[in-house]
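Observations on chain architecture
Given next are the chains, with one letter for each unit.
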Amino acid sequence: MKKFLYLSLLAAWLLSSCQSTRNFTSPLPGEYSVKISASSASGYKNVKRVKEYEFSHRDVPAAFDGCRLVFVSDLHYRSLLKEKGLKDVTRLLNDLHADALLIGGDLHEGCEYVPAAIAALGAIKTSLGTYAVLGNNDYEACYEDIVKEMERQNIHLLEHKVDTLKRDSAKILIAGIRDPFNLEQNGQSPTLSLSPDDFVILLTHTPDYAEEVSITNTDLVLAGHTHGGQVTLFGLYAPIIPSRYGQRFLTGLKYNSKGTPIIITNGIGTSNKNIRLFAPSEVVVITLKRLDE
């Protein structure tokens, strides 16, 4: 009986860590399609997998066809993620050859760890730059230190700002949300003033923001915060999720009520308890493709 239980747990873990390719298409014909796959990140301490999304959209300019965006969130350094793991995160992110690095916040578990965490992310080589938003941990403590270190590392902090990624004469837009938990001050998305013809990525720490606020003109949302539940029952149910919407925004590809796609990463570090169960730590890669009409 014990042997059967062990094999069942092992099989469930493998299923939660390694997934076959899955395909999704948009509710509006010809708007976008998504292919999802995952591979093991063996050899990189504290990162269990690389989850890849091929995101094809009609608004992606031809010059950005094949552009690789790497998304990392919730380092919570030092939690389960320690010095060796942080060095391996830098090594993995460089090995993924990102055109742009996107950071989803919750960088630290103590102000003394801020310089090392941000230096590790600042060491990633990209052709289009590194862009970040902050999480609740970052606003609760060390905010000024984080801003200073990001400026030093040439990381573009997007607090209710929009930045432009350019290739040749084409562009895509990255919008970032400042403190998405404070809707009284930040309850108007910076995407509202953008053109519906541009390809727009919205970077926010929590996926709840995409449900609670109008994010008109957004084509894709990237979020973290949930840790994939951190401790789950075979990856299917999490007793505790830091979201008002329960299991709805647990992990992976989800949608808000308007049908806007949201990619939610499990992140890397941990909070409260230094344990993960059927919620593997991950780095996300989004490869943009032009969807021809």
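Everything discussed here concerns the structure shown above.
Below you will find a few notes about this structure. (Residues numbered from 1 in each chain as written. Predicted model: local features only at pLDDT ≥ 70, side-chain atom pairs only at ≥ 80, totals over all residues. Heavy atoms only, no water.)

A word on the packing of aromatic side chains
Applying the stated criterion across every chain, the model contains 6 aromatic pairs. With a centroid separation of 5.7 Å and an interplanar angle of 20°, the aromatic rings of Y139 and Y143 are classed as stacked. When its relative accessible area of 30% is taken as the criterion, Y143 is described as partly exposed. Taking the centre distance of 5.1 Å and the plane angle of 45° together, the rings of F234 and F278 count as tilted. Here F278 lies in the loop between β13 (261-264) and β14 (282-290) and F234 lies in the loop between β11 (220-223) and β12 (252-255), a separation of 44 residues in the sequence. On the basis of relative accessibility, which here comes to 42%, the residue F234 falls in the partly exposed class. According to the relative accessible area criterion, F278 is buried, its value standing at 11%. Among the aromatic residues, those joined into a ring-pair cluster are Y32, F55 and F199. (Phe/Tyr/Trp six-rings, centres within 6.5 Å; stacked < 30°, edge-to-face > 60°. Buried < 20%, exposed > 50% of the residue type's maximum accessible area, 1.4 Å probe, protein only. Helix = DSSP H or I, 4+ residues; strand = E, 2+ residues; numbered from the N terminus.)

Focus: the state of the cysteines
Scanning the entire structure with this criterion turns up 1 disulfide. The partner cysteine of C111 in its disulfide is C142, sulfur to sulfur 1.9 Å. An S-S torsion of about -90° defines the bridge between C111 and C142 as left-handed. Taken together, the residues span a long stretch of sequence, with C111 in the loop between β5 (100-103) and α3 (114-122) and C142 in the loop between α4 (136-140) and α5 (143-152) at a distance of 31 residues. The exposure class assigned to C142 is buried, which follows from its relative accessible area of 10%. (Disulfide = S-S within 2.5 Å.)

Considerations on α5
What α5 keeps buried is the set I146, E149 and M150. The buried residues of α5 occupy an angular sector of 100° when projected down its axis, which confines them to one face. Residues of α5 that are exposed and angled more than 90 degrees away from the buried face: E144, E151 and R152. On its buried side, α5 packs onto α3, β6 (130-132), α4 and β7 (156-157). Directly after α5, the chain includes N154, whose backbone phi takes a positive value near 60°. (Arc of directions from axis to C-beta. Contact = heavy atoms within 4.5 Å.)

Some thoughts on the sheet that holds strand β9 (residues 170-176)
Within the open sheet, the 6 strands sit side by side as β8-β9-β10-β11-β13-β12. Their pairing is mixed. Every other strand in the sheet has two partners, leaving β8 (161-167) and β12 as the edge strands with one partner each. On average, adjacent strands in this sheet sit at an angle of 25° to one another, irrespective of strand direction. Strand direction decides the pairing type here: β8 and β9, joined by 7 bridges, are antiparallel. Each residue of the ladder has a partner; that of L165, found in β9, is I172. (Pairing = 2+ DSSP bridges. Axes fitted to C-alpha atoms, helices over the stretch in contact; angles between N-to-C directions.)

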